[in-house]
Amino acid sequence: MKTFTYEKARDPAQAAALAASHKDAKFIAGGTNLLDLMKIEVETPAHLIDVNGLGLDTITPTQDGGLRIGALVRNTDLAADAQVRRDYPVLTRALVAGASGQLRNKATTAGNLLQRTRCPYFYDTAQACNKRTPGAGCAAQTPGAVSRQLGVIGTSAACIATHPSDMAVGLRVLDAVVETILPDGSRREIPIETFHKLPGQTPHIENALQPGEFITAVSLPAPVGGAQSYRKLRDRASYAFALISVALIRHPDGSGRVALGGVAPKPWRLQAADDQLPNGASAVMATLLEHANPTAANAFKIELAERTLAAMLAEE
Amino acid sequence: MKFTSPATETIFDTSTVVGKATHRVDGPLKVSGRAPYAYERHDVIDGQLVAYPLGATIAKGRILSIDTQHAKAAPGVHTIITTLEYDELPKDERNVASLFGGDKVVHYHQAIAAVVADSFEQARAAANLITVKYDIEQDLDFDLERQWQQRGTVEPVSATGDFAQAFQSAAKTLDREYRTPGHSHAMMEPHSTLAHWDGDALTIWTSNQMIAWNREALAVTLGLEEDNIRVDSPYIGGGFGSKLFLRSDAVLAALASKASGRPVKLALPRPFVMNNTTHRGETIQRIRIGTDAQGHITAIAHTAMSPTQPGGQGEQATDQTRQFYAGANRLIEHHPVEMFLPESNAMRAPGEASGLMALEIAMDEMAEVLDMDPVAFRALNDTQVDPENPKRTFSDRNFTRCLSEGARAFGWHDRPQTPASRRDGNWLIGMGMAGAYRGSPVLTSGARVRLQANGTVIVETDMTDIGTGSYTIIAQTAAEVMGLPVSAIDVRLGDSNFPRSAGSGGQFGAPSSTAGVYAACVKLREMIAQKLQMPEAELSFSDGAVHSAGEPQLIGTFATDAELVAEDKIEFGKFRSDDHIVSTFGAHFVELRVHALTGEIRLNRMLAVCDSGRILNPITARSQVIGGMVMGVGAAMMEEMAVDRTQGFFANHDLAGYEVPVHMDIPSQEVIFLDTLDPVATPMKAKGIGELGLCGVAAAVANAAYNATGVRLRDYPVTLEKLFPGLPKV
């Protein structure tokens, strides 16, 4: 772990200002991902801004009938919230599919959105990784590399890592909005659709946040109803990252929404694919994964996604 | 005590302690955090420093330079040792690759330096400041598949009769290939050592299964006299074979302690467990079986290939096929392939675990070719003699009872007769079984027993308890022989100052070490008899007293003046292997369900039936078997050391990437022990159980998956996508 300085933020505006005024500053909340990465020096922040004392840990109604989830609401509390369970069950199911009870007790809403990929080559600092070191190359795409767990769509020659969050897939299918405060004190709202960035030539840029920009909340629009479900597929029954996951909202008329986890650098959802839902799983996936570019080892994810959605549609 | 002929009637045949359910005597210490593990020996020596290792980041090549300038200047750093400062250290014959020293790199994460600092965090941070320049050897082959396709002929490990002719003329035949990936021991406690020098004398507090081997290897590697080395390893957080041999934690800690002049402790980081230490090597196997029309095996051949560091053997997956099933014409071939992956070496049930993953699918396939029940086919091909040498008999083999009692208990008659024929909603239901075979070797094992005036007995032996229950079964043995309650026995293990024992490995620990304690206790009884000037045979020991013709005398009275100390060892005669094969047998049954669309596998229930001679303690024995079954589920469904075939290392080198089963993967597990006794095995008629529980499990799962889906998988692990071809289309 590299030496770093540490301070506690007083309020969100100050947190953002502090972050902008330090080189290589990071916010720390639950620390379930950042601390691990600091120990192996994948993350080497020079300055940590502890935001745990800022409150931001409540779930409150919004004026348009939705919910505002404080950035520091722990995953356990969010999953267990009565309103979330009643009106946004796909979010609860996504949350409890992730990590373990102990980790969910610590992990926060904002931190979960910002967690980093679990690509094995990202984790081994001896390996070439454009996310860690822009321009270094991507060891995961060399011949003979291990890529079964990695992305099949939205990836690039520079990076085929996936975003590992389950919660984010639930938020994506619910059209959540990320609320932030900037170092100058101004606030903005970023739709979840545009929050995570595709790697292109810059896989180290993973989201739309500007330097110092601090997430204060994630808001959910008014409940959309429908039958909501989340299925996560993996090699063991619990405590593993997704091979693929599917978040589904389905209305009685057959319309609905579908988002995928485990396949891309961000939760993967397309309006055109949603529109195919009345036509069944194959039609949805033909659109949603049309431009997939898998490796030989992870091409199965495409069929798995189709099979999983079909199973979910059949089980309703 | 020499064991030179089969045991006759013994006190264990009327035992009151041995064989009875006894909770772990070390349990309270472990659940309250008071059992001291190697990295937590804070109280044994003052002034401890902490070292952190640095591993090579290439598979093969030469180190040109190691720049430690920045690391040396880092906060808290005392000293740094690098591999370039030492000649390549000599290695014990049990290790394949050298552990440290010299500029040659032969595998990823080979230890090349260690930083000693005041704290763990300082040592780790400084290690990251070291820069290494390599001359990388290019164009190495890490592709076992290519080696397999290009394989030539080898001298057979064994050949009996005329396999080729018999196979050609067989009424029914099977010829299949199977693939098993590498496995990591992935035990909870990584290798850890605290080292301290007093002049030329070295003490290591470590985590090691084999105290005497470890001391011998340290002497070779560090150029010391064995008498100048003390090894202490009372508690071990799992080993599974990874801690059989000297590893880099002990070498680095010892050298770093020497260099810094202070006690130094070092634990291997988790990625080192995968790439620095040993693993179970991957295999490609070919099995050919020929039978007559009735299903009697007339020809069987098993050919296997496995990678190894130069000089090693890799995974010898053919071992069990030499003796498990009958058949007059046999051929066993093993192709070790030199490859510069980390060292392939022993992991729980080495040989059998991988070999049975293949053989027991092949037996299932052959039964299908014959249109026979897989249980009946196996029973038909049981043998009571060594098929390679019929003059040798199995000492006590009850494999067919395992099969029949297991089939009855599991409800095997109700299995789906046709694959992919049973469905419950969205789930396809299947049942599968496999035979289990594992040798039951023994090693000379000694112990010292010290009778105290208060009527308790201290047992000292360098035997280890790797989570298996050694403390408890040794306490039971001494209690039985001395007529004391288990609570009156104080078992002390894992110290090289104690008599040399078998140690823990190869499922030889329990039968060997308890026999050694029995021998020492018999000697103690003889010493008491001598004091009474009576023949030992005329005494009886019970209720804490010695009973002779006269008044019972409390046992402690024989140690009133001074403790009474007896030491002996059990030595096993050649009759055991010259005339017999001593092995353990079992049958595994699995019912599972496969999601008809997604291919997810969920186990419904598992049963193991074990024929292992006298069961010394049904609680700890069952724990061993169900733990083995969990490991078998891992091997069947998820465990795979993922090889980067270009760079030559295991990419999934942590417990997030190398998945082992979680609670949700494991269903109801039932274990049935046959009430067998093996008088050839040990004076206590006991055999090993620690590895049998793993043998065959993965094949039973794969066979059940076939029964559920109709997809015959011969390439482990059985992950969901491999089942797609047999599942209904979307």
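Computed from a predicted structure; not experimentally measured. (Residues numbered from 1 in each chain as written. Chains lettered and ligands numbered in written order. Predicted model: local features only at pLDDT ≥ 70, side-chain atom pairs only at ≥ 80, totals over all residues. Heavy atoms only, no water.)

Section: the overall build of chain A
Now for step 1: When helices and strands are tallied, chain A shows 13 helices and eleven strands.
Now for step 2: The C-alpha radius of gyration computed for chain A amounts to 19 Å, which stays within 12% of the reference 20 Å derived for 316 residues, consistent with globular compactness.
Now for step 3: In chain A, 61% of the contacts between residues at least 6 apart in sequence involve partners at least 24 apart.
Now for step 4: With the model as given, the accessible surface of chain A reaches about 12200 Å², and the carbon-plus-sulfur share is 51%. (Helix = DSSP H or I, 4+ residues; strand = E, 2+ residues; numbered from the N terminus. Rg over C-alpha atoms; globule rule 2.2 N^0.38 Å. Contact = heavy atoms within 4.5 Å. Areas by Shrake-Rupley, 256 points an atom, 1.4 Å probe, with all protein chains shown as cover.)

Details of the pattern of salt bridges
Now for step 1: This structure, assessed with the given rule, holds 65 salt bridges over all chains.
Now for step 2: Between Asp-232 of chain B and Arg-230 of chain B there is a salt bridge whose closest N-O contact spans 3.8 Å.
Now for step 3: With a relative accessible area of 24%, Arg-230 of chain B lands in the partly exposed category.
Now for step 4: For Lys-574 of chain B, the salt bridge is made with Asp-578 of chain B, and the minimal N-O distance between the two is 3.5 Å.
Now for step 5: A residue is classified by how much of its surface remains accessible, and Lys-574 of chain B, at 61% relative accessible area, is exposed.
Now for step 6: Because the salt bridges share partners, they merge into one network encompassing Arg-172, Asp-175, Glu-193, Arg-257, Arg-269 and Asp-274 of chain A. (Salt bridge = Lys/Arg side-chain N within 4 Å of Asp/Glu carboxyl O. Buried < 20%, exposed > 50% of the residue type's maximum accessible area, 1.4 Å probe, protein only.)

Points about the nonpolar core
Now for step 1: Formed by 113 residues in total, the largest nonpolar core has its most connected members in Val-258, Leu-260, Met-285 and Leu-309 of chain A together with Phe-589, Leu-592 and Leu-603 of chain B.
Now for step 2: Counting residues per element, this core draws most heavily on helix 9 (residues 352-369) of chain B, which supplies ten residues.
Now for step 3: Once residues lying within four places of it in the same chain are set aside, the contact partners of Leu-603 of chain B are Val-590, Glu-591, Leu-592, Arg-593, Val-633, Met-637, Asp-665, Pro-667 and Val-701 of chain B.
Now for step 4: Counting residues in hydrophobic clusters, the runner-up holds 45 residues, among them Val-459, Ile-474, Ile-489 and Val-522 of chain B. (Core = buried A, V, L, I, M, F, W, Y, C linked by side-chain atoms within 4.5 Å.)

Let's talk about the sheet that holds strand 4 (residues 59-61) of chain A
Residue and element names in this part refer to chain A.
Now for step 1: Taking strand neighbours across the sheet as the criterion, the five strands line up as 4-5-8-6-7 in an open arrangement whose pairing is antiparallel. Two strands close off the open sheet at either side, each with one partner strand: strand 4 and strand 7 (187-191). Going across the sheet, the axis of each strand differs from the next one's by a mean of 25°, ignoring polarity.
Now for step 2: Sheet analysis places strand 6 (residues 177-181) next to strand 7, joined by five bridges and oriented antiparallel. Bridge pairing links Val-177 to Pro-191 in strand 7. (Pairing = 2+ DSSP bridges. Axes fitted to C-alpha atoms, helices over the stretch in contact; angles between N-to-C directions.)

Digging into the pairing of strand 16 (residues 329-338) of chain B
All names here are of chain B.
Now for step 1: Among the ten residues in strand 16, eight count as buried, and that is most of the element.
Now for step 2: Bridge count between strand 8 (residues 158-160) and strand 16: three bridges; the pairing is antiparallel. Following the sheet pairing, Ala-159 is matched in strand 16 by Leu-331.
Now for step 3: As defined by bridge partners, strand 15 (residues 297-308) adjoins strand 16 across ten bridges and the pair is classed as parallel. By the bridge assignment for strand 16, His-302 is matched with Ile-332.

Quick look at the sheet that holds strand 10 (residues 244-250) of chain A
Residue and element names in this part refer to chain A.
Now for step 1: If you trace the three strands from one edge of the open sheet to the other, you get 9-10-11, paired in antiparallel fashion. Every other strand in the sheet has two partners, leaving strand 9 (227-233) and strand 11 (256-261) as the edge strands with one partner each. Strand-to-strand twist of the sheet, defined as the mean angle between neighbouring strand axes without regard to direction, takes the value 10°.
Now for step 2: When strand 10 meets strand 11, the two strands line up antiparallel, connected through six bridges. By the bridge assignment for strand 11, Leu-248 is matched with Val-258.
Now for step 3: Sheet strands touched by helix 5 (residues 89-96): strand 9 and strand 10. Its angle to strand 9, the strand with the most contacts, is close to 15°.

A closer look at helix 12 (residues 281-288) of chain A
One full turn of an α-helix is made of 3.6 residues, so residues set three or four places apart face in the same direction.
Now for step 1: Among the residues making up helix 12 of chain A, those that are buried are Ala-281, Ala-283, Val-284, Met-285 and Leu-288 of chain A.
Now for step 2: Check the buried side of helix 12 of chain A and you find it contacts strand 11, helix 11 (271-275) and helix 13 (300-315) of chain A.

Considering the packing of aromatic side chains
Residues and elements named next belong to chain B.
Now for step 1: For the structure shown, the criterion picks out 22 aromatic pairs over all chains.
Now for step 2: Ring centres 6.1 Å apart and planes at 55° place the aromatic pair Tyr-37 and Tyr-235 in the tilted group. One end of the pair, Tyr-37, is in the loop between helix 1 (27-31) and strand 2 (49-55); the other, Tyr-235, is in the loop between strand 12 (229-232) and helix 7 (248-260), and 198 residues separate them in sequence.
Now for step 3: On the basis of relative accessibility, which here comes to 8%, the residue Tyr-235 falls in the buried class.
Now for step 4: Centre to centre, the rings of Phe-394 and Tyr-437 are 6.4 Å apart; their planes meet at 85°, and the pair counts as edge-to-face. With Phe-394 in strand 18 (residues 389-394) and Tyr-437 in strand 20 (residues 427-439), this residue pair connects regions lying 43 residues apart in the sequence.
Now for step 5: Members of the aromatic cluster, joined through ring pairs, are Phe-324, Tyr-325, Phe-394, Phe-399, Tyr-437 and Phe-585.
Now for step 6: It is Arg-712 that lies over the ring of Tyr-706; its NZ or CZ is 3.8 Å from the centre. (Phe/Tyr/Trp six-rings, centres within 6.5 Å; stacked < 30°, edge-to-face > 60°. Lys NZ or Arg CZ within 6 Å of the ring centre and 35° of its normal.)

With respect to the interface of chain A and chain B
Now for step 1: Contacts between the two partners involve 39 residues from chain A and, on the opposite side, 40 residues from chain B.
Now for step 2: Taken together, the links from chain A to chain B amount to two salt bridges.
Now for step 3: In this structure, Glu-721 of chain B engages Arg-148 of chain A in a salt bridge whose closest nitrogen and oxygen atoms are separated by 3.0 Å.
Now for step 4: If you list the elements that add at least two residues to the side of chain A that touches chain B, you get helix 8 (120-123), strand 9, helix 12 and helix 13 of chain A.
Now for step 5: A total of nine residues in the side of chain A that touches chain B trace back to one element, the largest contributor, which is helix 13 of chain A.

As for the domain arrangement of chain B
All names here are of chain B.
Now for step 1: Looking at the assigned domains, one finds that chain B contains domain 1 (2-35 + 442-574), domain 2 (49-138 + 188-238 + 243-275) and domain 3 (283-440 + 582-726).
Now for step 2: On a C-alpha basis, the centres of domain 1 and domain 3 stand 35 Å from each other.
Now for step 3: With 33 residues of domain 1 at the interface, the matching set in domain 3 holds 28 residues.
Now for step 4: Taken together, the two surfaces of domain 1 and domain 3 that pack against each other cover about 2200 Å², and 61% of this comes from carbon and sulfur.
Now for step 5: Of all residues in domain 1, the largest losses of buried area upon contact with domain 3 belong to Phe-3, Gln-507 and Pro-511, amounting jointly to 27% of the total for that side. (Domains from an automatic or database assignment. Buried area = accessible area lost by both parts, 1.4 Å probe.)

Things to note about the state of the cysteines
Now for step 1: As enumerated under the stated definition, the model contains zero disulfides over all chains in all.
Now for step 2: No disulfide involves Cys-119 of chain A; its sulfur sits 6.3 Å from that of Cys-129 of chain A, the nearest cysteine. (Disulfide = S-S within 2.5 Å.)

Notes on the confidence of the model for chain B
Now for step 1: With 100% of its residues at a pLDDT of 70 or more, chain B shows a mean pLDDT of 97.
Now for step 2: The complex model carries a pTM of 0.98, and its ipTM stands at 0.97. (pLDDT = per-residue confidence, 0-100.)

Considering the packing of helix 12 (residues 470-482) of chain B against helix 13 (residues 509-532) of chain B
All names here are of chain B.
Now for step 1: Two numbers describe how helix 12 lies on helix 13: the axes approach to 9 Å, and their chain directions differ by 30°. One way to sum up the angle between helix 12 and helix 13 is to call them roughly parallel. Considering how the two elements wind past one another, helix 12 and helix 13 form a crossing that is right-handed. From helix 12, Ile-473, Ile-474, Thr-477, Ala-478, Val-481 and Met-482 reach across to helix 13, where they touch Ala-510, Ser-513, Thr-514, Val-517, Tyr-518, Cys-521, Val-522, Leu-524, Arg-525 and Ile-528.
Now for step 2: For the contact of helix 12 with helix 13, the per-class residue count stands at twelve nonpolar, three polar and one charged. (Parallel < 35°, antiparallel > 145°, perpendicular 65-115°, else oblique. Left-handed = near helix turned anticlockwise from the far one by under 90°. Nonpolar A, V, L, I, M, F, W, Y, C, P; charged D, E, K, R; others polar.)

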